[in-house]
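Fold and contact review
Here's the letter readout for the chains.
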Amino acid sequence: MAKYNYDEAGNMAGYFLITFLALILVPMTITALKPGQQTAHDGCLCKLCADRRRWLAAQQKRSIFNPRVSRKTAFLIFGWSLLVYVSYRVMGIKSDSKVYDPFEILGIKAGMAEKEIKAHYKKLSRTLHPDKVKATANMTMEMIQEKFVEITKAYKSLTDETIRKNWELYGNPDGRQEMSMGIALPRWIIESKNNVWVLGVYGLVFGGALPAMVGRWWFGSRQRTKDGVHAKSAAEYFKSLREESTIDEVVDTLGKSYTWEHPHGSVTKSVGSDAEELKRLEKEIGLKAENSWKVIGKAIKGGDEARRRGVILMYAHMLRIEVNSSNLIREQIRVVQQTPLLLNALLNITLSRNWLLPALSVMRLHAYLAQALPPSSYSLARAPSTKDQFTPSEFINPLAPQFAQLPGVSSSEEADDLAPHASDFNDFVHILEEKKDSRLLDVKTALKRWGHVDLVDASFKVIGERVITPSAIIYLVVKLRLTPPLSQSTNGTRNELDVDETKRLIKINDEKDEEFLKSRKDAEDLLDQDDATRPSVHAPYWPGDRKPSWWIVLADDKSNRVVVPPIKITDIPYARLPGADADDALLERDFRAFKIQFQGPPNTGMFTWRVYVVSDTFVGEEVMKEISLKIEDAPVVNSDDAEDEISDPDEDTFAGQMAAMRGGPTKKRQNASDDDDSSDEADSSSSSSSSSDSDSD
């Protein structure tokens, strides 16, 4: 029968624990030490962006007096400390699993004669006998006695016939031993007096903690949609949005979701300095955004604390109100960084109903949050080019929100005071130059890499067809490039090209368009890879680096519908500077093509739609172009005779002969009949000429 030995010293349990900890800690440590995305220090070089980058770095900086340790870091510290401690204990434990070898104990070679073994043992007895050896600090009397007993036992196992036979047969001088199996558990775990406590721990772990963890994961995953938001937030989005929702209503809908989405949603009540700071922020928001805050302010009073905190911090960000509490600053950063996720979920819900105005409002709200500006319905409902539709009582300058994005301009009101009649950024800069404003240099620096989109072309294409038929697979091809406001477009600035060179460039572009149309990619490959590694743009109030993106939307404004789901794009190349060499491949195509695939309408007619290109980083930087789609019936053959000529084989061909043998229809060779007619005409003409000659004679 096997004998089970429990791990008295915890040796085997230590090895098990070391292995288990190493399997968990090593991957987690590698992931934690892996360098994250590096901050783009070569982004916007204006003074405001540089100062905000330093401020964000200071907020994220840790020190001995400000040790903000995450849960993952705390777990790694505790885990590695436990691993080091267990390893130290295991290293100090004496192992008794060594195979018994009397030759090794005596220090002799295997196969030595018995006479030589006896002589060697006598020699060891003179030097290792307890009566001959004195105890020292490194070797106690107990150790000396154990050593002498060990060599005596080894000597007898080699000289005594019975003991030697036991060693050779069973590997032990004492004879057959019971089978021993080690269990990596200390004995105190299975002692009867501890049964209640051990069973209680097992029941707590496997009957309580483990089911709770699985249930939390299961029900937590069911509470989240595929967009990563709470299911109740998605339900609130469905109930709150309308077909004619403005951007103010979108902001209100976004604020309602903070009941479930706030990073500190478990907070029930603000206390101490944070409560006073929230009251101050709420009061200042009410003064700066009086109209839009009336409804929202009433809704959050007496309601959920998480929603109240989230809405106040979001509005404080958009109104550029300084927060004085360090805890609220970190909370505000998390709230603002979470808004793209919530807005994307809100956009998907809007697009599921194909509503145009709410979808554009959600897209534009991205830019307002990126630039920390309060959204206003009247400044977004109309394009900047329609400023003549505004009355003085509504707004003096509809471009003031755009100018407020520039460094040194704190609000739309200040931008309107600086340039009340400016029609674009060039006019704004010209007015600053006339006033010799100190902010001019920073404004020019920010505008050097501005995201002003130039829509080069937008058209509908069908592969291999010139006519678009009903229900055909259609591609909307949009060609875009960025033109900074203070730079001139390449159009009209290049050197004059001759006719052959112009034809060559047109042919190259047509070939590339055809190649891109047949590819499976939604975006054309970049000719200049530097466009894909472009640094962050001017967004000083966004808590992090900002790489701009755009939406391409095909919409029917008359019915307020989105025709096809929009796509989000990045890495639009900048227009090439004037004076570049015309042979440069980059100059031949200084734009990038994007495409959206969809199935055309099932009926014929002319459809007039609009293409929108909306920025998620720059307020007001969007373009719109009307585009027409003509659906025609497929061309048909004009006559039945042509169909018969195509279907019936010629009589002098192999297929015609086979058809004639079967009695099928064939057609005569047209060339042969023509030859016969021409020969007849030639004979008749020759005979007539001969007769005329005879008459003359």
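On a predicted model such as this, the values are computed, not experimentally measured, just so you know.

Spatial ordering of the open sheet is given by β3-β4-β8, a layout of three strands whose pairing is antiparallel. Since the sheet does not close on itself, it has two edges, and those belong to β3 (453-461) and β8 (592-599), each with one partner. Each strand axis lies, on average, 20 degrees off the axis of its neighbour in the sheet, ignoring direction. Sheet topology note: the β3/strand β4 (residues 473-482) ladder contains eight bridges and is antiparallel. Across the sheet, the residue bridging to Leu455 is Leu480, located in β4.

Turning our attention to the nonpolar core. Formed by 76 residues in total, the largest nonpolar core has its most connected members in Tyr315, Leu365 and Phe428. In terms of residue count, helix α15 (residues 326-352) provides more of this core than any other element does, eleven residues in total. When residues of this core are assigned to domains, at least three fall in each of domain 4 (224-383) and domain 5 (450-488 + 500-526 + 533-577 + 586-636). Leu365 has contacts with Ile247, Val250, Val251, Leu254, Leu343 and Pro375, leaving out every residue within four places of it along the chain. The next biggest cluster of nonpolar side chains, apart from the first, holds 30 residues, and it includes Ala458, Tyr574, Phe594 and Ile596.

Time to look at the packing of helix α14 (residues 305-318) against α15. Contact geometry of α14 with α15 gives a least axis separation of 9 Å together with a crossing angle of 85 degrees. By the angle class used here, α14 and α15 are roughly perpendicular. Contact residues: Arg309, Gly310, Leu313, Ala316 and His317 in α14; Leu328, Glu331, Gln332, Val335 and Val336 in α15. For the contact of α14 with α15, the residue count by class is five nonpolar, three polar and two charged.

Turning our eyes to something else, we now look at the packing of aromatic side chains. Inspection of every chain in the model, using the stated rule, returns eleven aromatic pairs. Where Tyr202 meets Phe206, the ring centres are 5.8 Å apart and the plane angle is 25 degrees; that geometry is what we call stacked. Of this pair, Tyr202 and Phe206 both sit in helix α8 (residues 195-222), four residues apart, roughly one helical turn. The exposure class of Phe206 is exposed, given its relative accessible area of 52%. Consider the rings of Phe607 and Trp609, whose centres lie 5.7 Å apart with planes at 40 degrees: the pair is tilted. Here the guanidinium or amino end of Arg546 rests over the ring plane of Trp542, the centre of that ring lying 4.6 Å away. The ring of Phe516 has Lys595 sitting right over it, with the charged end atom 5.0 Å from the ring centre.

So, on to the UniProt feature "transmembrane region" (unreviewed entry) in the protein. In this numbering, the UniProt entry assigns the feature "transmembrane region" (unreviewed entry) to residues 12-33, 73-91 and 196-219. Annotated as residues 73-91, this span is 100% helix and 0% strand, and its ends, taken at the C-alpha atoms, are 27 Å apart. Regarding residues 196-219, the helix share stands at 100% and the strand share at 0%, and the terminal C-alpha atoms are separated by 33 Å.

For Asp437, the position within the fold is in the loop between α20 (425-435) and α21 (440-447). Residue class for Asp437 comes out buried when judged on its relative accessible area of 16%. A polar side-chain atom of Asp437 sits 2.8 Å from the main-chain amide nitrogen of Arg439. Those residues within four positions of Asp437 in sequence are excluded, and the remaining contacts are Leu418 and Leu432.

A word on the confidence of the model for the protein. Caution is warranted with low-pLDDT regions, since their predicted coordinates should not be read in detail. Averaged over all residues, the pLDDT of the protein is 77; the fraction at 70 or higher stands at 72%. Taken together, the stretch residues 489-497 has pLDDT below 50 and engages in 17 contacts with residues farther than four places along the chain or on a different chain.

Over its 16 residues, helix α16 (residues 356-371) extends 23 Å from the first C-alpha to the last, a length consistent with the 22 Å expected when each residue adds 1.5 Å. The element α16 is largely enclosed, with a buried count of 15 among its 16 residues. Ala372 occupies a position one or two residues after α16 and carries a positive phi of about 55 degrees.

Once that is clear, we can look at the environment of Ala50. For Ala50, the location among the structural elements is in helix α2 (residues 47-60). Considering only alpha carbons, one finds Ala50 and Pro540, 490 residues apart in sequence, at a separation of 8.1 Å.

Another aspect to go through is unusual backbone geometry. Notably, Asn354 is not glycine yet its phi reads approximately 60 degrees, a positive angle. Residue position: Asn354 is located in the loop between α15 and α16.

Tracing the sequence through the fold places Asn327 in helix α15. Assessed through its relative accessible area of 39%, Asn327 is described here as partly exposed. Note: C-alpha distance between Asn327 and Asp274 (53 residues apart in sequence) is 7.7 Å.

Calculation criteria
Residues numbered from 1 in each chain as written. Predicted model: local features only at pLDDT ≥ 70, side-chain atom pairs only at ≥ 80, totals over all residues. Heavy atoms only, no water. Pairing = 2+ DSSP bridges. Helix = DSSP H or I, 4+ residues; strand = E, 2+ residues; numbered from the N terminus. Axes fitted to C-alpha atoms, helices over the stretch in contact; angles between N-to-C directions. Core = buried A, V, L, I, M, F, W, Y, C linked by side-chain atoms within 4.5 Å. Buried < 20%, exposed > 50% of the residue type's maximum accessible area, 1.4 Å probe, protein only. Domains from an automatic or database assignment. Contact = heavy atoms within 4.5 Å. Parallel < 35°, antiparallel > 145°, perpendicular 65-115°, else oblique. Nonpolar A, V, L, I, M, F, W, Y, C, P; charged D, E, K, R; others polar. Phe/Tyr/Trp six-rings, centres within 6.5 Å; stacked < 30°, edge-to-face > 60°. Lys NZ or Arg CZ within 6 Å of the ring centre and 35° of its normal. UniProt positions renumbered as here; feature names shortened; annotations may be inferred. Polar contact = N/O pair within 3.5 Å; in protein donor to acceptor, adjacent residues only side chain to side chain. pLDDT = per-residue confidence, 0-100. Expected span 1.5 Å × (residues − 1).

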